[in-house]
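# Structure at a glance
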Amino acid sequence: MSLLACILTQAAEGRGVSVIPSHAELTTQQAADILNVSRPYLIGLLESGAIPYRMVGKHHRITAEDLMEYKRRDDLKRRTAADDLAALGQELGL
């Protein structure tokens, strides 16, 4: 499915759609909202090196591209963990 078709499908189903340029710089609140996490949790991710960022004065800025790359990695890690749990459940006959 093309990106445009996906966007139109989401909009037709009444879901919100946001289009953000990959080079756009996001505030910590915007990035936290996209990941659906708290701002302090996001800042912890930044300071641990999980997501690249730059400082503008005393404010963190994250590129949309870096944020989405983190989200892809995190989603893959979650799917792998869920698959592992399902396999373990199968082995145990649960």
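A brief look at the structure comes next. It should be emphasised that the depicted structure is a prediction, and the values quoted were computed from it without experimental measurement. (Residues numbered from 1 in each chain as written. Predicted model: local features only at pLDDT ≥ 70, side-chain atom pairs only at ≥ 80, totals over all residues. Heavy atoms only, no water.)

### Remarks on the overall build of the protein
Per the secondary structure count, the protein includes 4 helices and 3 strands. The order of helices and strands in the protein, counted from the N terminus, is α-β-α-α-β-β-α. In terms of overall size, the protein is more extended than a compact globule, its C-alpha atoms giving a radius of gyration of 17 Å where 94 residues would be expected to give roughly 12 Å. Along the three orthogonal principal directions, the C-alpha set of the protein runs to about 55 × 40 × 20 Å. Burial statistics for the protein: of 94 residues in total, 19% are counted as buried. Long-range pairs, those at least 24 residues apart, make up 42% of the contacts in the protein with a sequence separation of at least 6. Just so you have it, the protein exposes about 7000 Å², and 56% of that area is on carbon and sulfur atoms. Across the protein, the centroid of the 11 positively charged side chains sits 7 Å from that of the 12 negatively charged ones. (Helix = DSSP H or I, 4+ residues; strand = E, 2+ residues; numbered from the N terminus. Rg over C-alpha atoms; globule rule 2.2 N^0.38 Å. Buried < 20%, exposed > 50% of the residue type's maximum accessible area, 1.4 Å probe, protein only. Contact = heavy atoms within 4.5 Å. Areas by Shrake-Rupley, 256 points an atom, 1.4 Å probe, with all protein chains shown as cover. Lys, Arg positive; Asp, Glu negative; His and termini not counted. Charge placed at Lys NZ, Arg CZ, Asp CG, Glu CD.)

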